[in-house]
Amino acid sequence: MFYSEFVLTRKGPLAKVWLAASYEKKLSKTHFLQTSIPSSVGAIVGEGQEPMALRLSGQLLLGVVRIYSRKARYLLEDCTEALVKIKLAFRPGVVNLPDDQAVANYNAITMADALTEFDILLPEPALNL
């Protein structure tokens with residue numbers, strides 16, 4: 001046998017990778033997102049293991065590629081959804097304020113001048129225009 005039986009068991013390190021290569025539809029979104037690509041590749045090409053057959057390692061690497069592709073697709077969908085929500089939240093011209101509150105009061109947005117003792121001791125700035 002060209003591989004350890006432990007590798008492809010139901011709870012083994014490459015079980016989800018094997019399912020992704022063989023039966024991609026059986027895995028859910030959480031299975032894809034929980035699979036670690038670096039650890040899966042490390043388990044496939046690891047130095048301390050028995051050598052795998054070329055066909056088996058190729059199938060497992062196909063599973064890794066499918067997992068990576070699905071993760072990239074999920075990331076793109078999430079980013080697109082976030083971008084659409086941001087654009088909807090900050091679209092121009094849509095203000096839900098009453099007409100009398102559309103312009104702010106001067107005192108509401110301007111701080112009052114407060115002179116302190118420190119401000120009095122400072123020299124006057126020279127305006128050289």
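Refer to the structure above for everything that follows.
Keep in mind it's a predicted model, so treat the numbers as computed, not measured.

**Student:** Can you walk me through the nonpolar core in this structure?
**Tutor:** Residues Leu14, Val17, Phe32, Leu60 and Ile67 are the most contacted members of the largest nonpolar core, which totals 14 residues. Counting residues per element, this core draws most heavily on helix α4 (residues 54-89), at five residues.

**Student:** Hey, could you run me through the pattern of salt bridges in this one?
**Tutor:** Pairing is possible between side chains of opposite charge, provided their charged atoms come close. If you walk through the whole model with that rule in mind, you get three salt bridges. Taking the shortest distance from any N to any O, the salt bridge between Arg66 and Glu24 comes out at 3.8 Å. Of this pair, Arg66 sits in helix α4 while Glu24 sits in the loop between α1 (15-22) and α2 (29-34), placing them 42 residues apart in sequence. Here Glu24 falls in the partly exposed class, since its relative accessible area comes to 24%. Each of Glu24, Arg66 and Arg70 takes part in salt bridges that share partners, so that together they form one network.

Rules used throughout
Residues numbered from 1 in each chain as written. Predicted model: local features only at pLDDT ≥ 70, side-chain atom pairs only at ≥ 80, totals over all residues. Heavy atoms only, no water. Core = buried A, V, L, I, M, F, W, Y, C linked by side-chain atoms within 4.5 Å. Buried < 20%, exposed > 50% of the residue type's maximum accessible area, 1.4 Å probe, protein only. Helix = DSSP H or I, 4+ residues; strand = E, 2+ residues; numbered from the N terminus. Salt bridge = Lys/Arg side-chain N within 4 Å of Asp/Glu carboxyl O.

What is shown is where atoms sit, not what they do.
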